[in-house]
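A closer look at the structure
Next come the chains, spelled out residue by residue.
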Amino acid sequence: MKRIFNNNRLFSFLIPVISVILGLLAGAIIMLITGYNPLLAYQSIIHSIFFEPYYSGETIRAMIPLVLSGLAVAFAFRTGLFNIGVEGQLLVGWFTAVAVGIGFGDLPKAVLLPLAIIAAALAGAIWGFVPGFLKARFKVHEVITTIMMNYIALHVTNYLIRTYLYTQGERTPSVPESASLSSKFLMDLTQGSRLHWGFIVALIAAVIMWFILWKTTKGYELRSVGFNPNASKYAGMNVNRNVILSMAISGAFAGVAGAMEGLGTYQYMTINSTFIGIGFDGIAVALLGLNTSIGVIFGAALFAGLKIGSISMQSIAGVPTDLVQIIIALIIFFVASSYLIRWLLVRLKKGGK
Amino acid sequence: MDIMHILEIVIPTAILTATPLIFTALGGVFSERSGVVNIGLEGLMIIGAFIAAIMTTIFEGWGLGGASPWLAILVAAIASAVFSLLHALASITFRAEQVVSGVAINFLALGLSVFLVKLMFNGKGQTPYIKHRIDKTNIPFLHDIPVIGPLFFSHVTYTSYIAIIIAFIVWYIIYKTPFGLRLRSVGEHPAAADTLGINVSRMRYIGVMLSGAFAGIGGAVYLVTISSNFSGTTISGQGYLALAAMIFGKWNPIGAMGAALFFGLAQSLSITGEQVPLLKDIPDVYLLIAPYVLTILALTGFVGRADAPKASGIPYIKGKR
C-alpha cells in the first residue's frame, strides 16, 4: 500500500487511464441496457477514425480547438485557477479573427494570417484578464466571473455580427483566402475533410505552454503560485500579478482556439443561440491530460476521436451520438473522483497480497 | 402607448420568466449554504424539464388531464434529487473538485436526456408537445383590483406565486429553524459543526439533494409553463442564470428571489422591448448582458458586497486542519 502512494507519478498517470476504461465500460453497459451492441459501436468508432481518411482528417480537425482550449484550462489550473470562461474567450477570439480577416482583407497572407491569429489571442487575453483582475483586486472567485463573462461574450459577439458583419444564413461573410488556414492539399489527402493548417498552430501552442511553464522564471513563479500562494508571496513573488497574467495567457490560448474555427474549420462565424461546447470540453481534456502539454494532446485526441467516430457509430450501430457525451461526462466524474480510484487501487493491492 | 399598457406587457412576462429561476436559485442556496458549490444546477434543470415532458405525456395518457403537469413537476423534483446524488457522492464522499463534478453533471444530464429522448421517439431529438400545460390565468377577485390587478394578478401562472411563497418558507427554514442553523454551520465551519455532533456529510447530502429537487422543479416549471416540449436546447443557460441570481441575492433565499425577478425583468424587456417605444432604440444586447454584468458588479462590491459561505467548495475531511 505504501509503495503505491510513494509512487505518485505512476499513480497520477494511472488515474486518467483507469477513468477512460471505466467511462467506456459504463458506456458499454448503457448500450447493453438500451438494447444496442457495444462491440459493434466501439468497433465502428475505431474503424472510421483509423481506416477512413475522411474521418481521420475530421478527427485531427476536431482536435485542433480541443488542444488549444485544453491548454487554456490547463495553463490556468497550473496557477491554481479554474478558467471555465474558455468558451467565452474562444467566442471573442473567433469573432476577432474573422473580423480582422475581413476588415484587412487587402493585406498579403504572410501578414494577415498571423495578424488575425494574434488579434484573436489578444481578444481572448482581454476576456481572460477581466476575471483575473477581479480575482486579484477584489478577491472575486474566478469560476463565477468566467461563467458570467461567457454569457457576455455570447451576446456581445452575436450583437456585433448582427450589427456589423451580417450576411445571409445568420452568419458573417467568409474570410478572404489571404486569412484562411484551409488547404486543398490536406483536404485532398483526407478525401474532403475540413482538415486545415491549424494543427501546426495547435502543436506550436502546446510547445509554448510547456516552454513558458517549465523553462522560464515566470513559469516557475506561475506554478509556484498554484502550489502555494502564501509561500510564493513570502518568497517575494507578486501573487496578484501572476494571477492576472495566468488568466490572460489562458485566455490567449482560448482566443487562438476560436481563431482556428474562424479561419480554418468554418471560415466564418455564425450567430450562436447557445454555446458551442468546445470550451467546456477543454476542461475535460485538461483534467484527463493532467494539465501537461503532451497529456492535453492525448486527451484531445481521445475526445475528438469519440466525437467524430460517433457519427459512424450512429449510422452503423444505430447508437445516438449523444452516448459519447455521456461517456465523456462519466470520464470527467471518474477523473474528478480520483480519491475513489486511489481507494479502489489500494483495496485491490491489499486483496492481492 | 401609455406607461400602464407597457407595464401590462412587461411585468407578467417578467414574472413568468423569473419563476423557474426562483426555484432553481433556491436550490442553489441550499447546496451552497451546506458548503457544496453546485455548478450543476443547469444539468439538474435539464433533468427536471426532461422528466416533466415525459411524465406529463404519460399522466395525460392515464386520463389525468389538467393534473398531469402538476404531478409531473413532483416526479421531476424527485428524479432530479436522485440525479443530484451523483454530485453529492463525487463532491462529498469522493472529495472531487466540486466545480469539475458540477461540469460533469451538466454534460451528463444533457447527454443522457437527449440520448433517452432519441431512444424513446425513434431517433427524433425532441419530445411531442404536452397537451395540458399550466396556462396563464387571471387570479379570481385579485385581478379586478385597479392598477395592481392587471400588473400582478393577470396573465400569470399559479406556479409563480408558489415560487414566491416558497422563497419565504425557505428563508424561514434556513434562518429560523435548527435544521437551517445546522445547514449553515456545516457550510461556514464544518469542523466546529462536527465537534458539536452534527453529521457534516449527512447535512451536505441533504443540501445537495434539496438543490436537485428545487432545480428539478425549476426545469419542470419551465417546461410546463414556457416551452411545452423538451429538446437538447430547451434549457440553455437558465441554470447558470439561476446561479447568478443566487450570488446576486447574496446566498439569501429572499435575495435570490429578488434577483431572479430582476433577471426575469431584464429578459422580458429584451423580448418585449420591440413593442415598447422607449426601449426600441436601445440594442437588446444591453438587456441581455445586464444580469451577468450586474452579478460581476455585485461580487466586486459595487452593488453591496457578496460573500460566499466560508467552507463552500472545500471537501470536509475529518481530523484535517
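Everything numeric here is computed off the predicted structure, so don't read it as measured data. Within each chain, residue numbers correspond to sequence positions counted from 1 in written order. Chain letters and ligand numbers both follow the written order, the letters beginning at A and the numbers at 1. Selection of residues for local features in this predicted model requires a pLDDT of at least 70, selection of side-chain atom pairs for listing and counting requires 80 or more, and totals for whole chains, interfaces and linings are taken over all residues. To obtain the side-chain values, all non-hydrogen atoms of the structure were included, while hydrogens and water were left out.

**Observations concerning the nonpolar core**
Here, the term nonpolar core denotes a set of buried Ala, Val, Leu, Ile, Met, Phe, Trp, Tyr and Cys residues that are joined through side-chain atoms within 4.5 Å. Residue exposure (1.4 Å probe, protein chains only): buried if accessible area is under 20% of the type maximum, exposed if over 50%, otherwise partly exposed. Among the nonpolar cores identified, the biggest contains 199 residues, and Leu68(A) and Leu263(A) are the most heavily contacted of them. If you look at the next biggest cluster of nonpolar residues, it comprises six residues, including Ala76(A), Leu81(A), Val243(A) and Met247(A).

**With respect to helix 3 (residues 68–93) of chain B**
All names here are of chain B. The secondary structure listing takes helices from DSSP runs of H or I that are at least 4 residues long and strands from runs of E that are at least 2 residues long, numbered from the N terminus. To estimate the expected span of a helix, subtract one from its residue number and multiply by 1.5 Å. With 26 residues, helix 3 extends 37 Å between its outermost C-alpha atoms, agreeing within 8% with the 38 Å of an ideal straight helix rising 1.5 Å per residue. In this analysis the local bend is the angle between axes fitted, respectively, to the seven residues ending at and the seven residues starting at the residue. At histidine 87, helix 3 shows its largest kink, close to 30°. With its phi angle positive at about 55°, arginine 95 sits one or two positions after the end of helix 3.

**Brief notes about the UniProt feature "transmembrane region" (unreviewed entry) in chain B**
UniProt positions are given in the numbering used here, feature names are shortened, and annotations may be inferred rather than shown by experiment. The feature "transmembrane region" (unreviewed entry), as given by UniProt, occupies residues 6–31, 43–64, 70–92, 99–121, 158–175, 205–224 and 285–304 of chain B in the numbering adopted here. With 100% helix and 0% strand, residues 158–175 of chain B has its two end C-alpha atoms placed 26 Å apart.

**Focus on the environment of Gly169(A)**
Looking at the secondary structure, you find Gly169(A) in the loop between helix 7 (142–164) and helix 8 (184–189). Between the C-alpha atom of Gly169(A) and that of Leu186(A), which follows or precedes it by 17 residues, the distance is 27 Å.

**Overview of the interface of chain B and chain A**
A common way to report how large an interface is uses the accessible area buried once the components associate. Two residues form a contact once any of their heavy atoms are found within 4.5 Å. At the interface, 40 residues of chain B touch 41 residues of chain A. When two parts are put together, the accessible area they lose, computed with a 1.4 Å probe and summed over both, is reported as buried area. Interface area, chain B with chain A, both sides summed: about 3800 Å², of which 83% is carbon and sulfur. Per-residue buried area on chain B facing chain A is highest for Phe94(B), Phe107(B) and Phe115(B); these three make up 19% of the total on that side. Here a salt bridge means any side-chain nitrogen of Lys or Arg lying within 4 Å of a carboxyl oxygen belonging to Asp or Glu. At the boundary of chain B and chain A, one finds one salt bridge.

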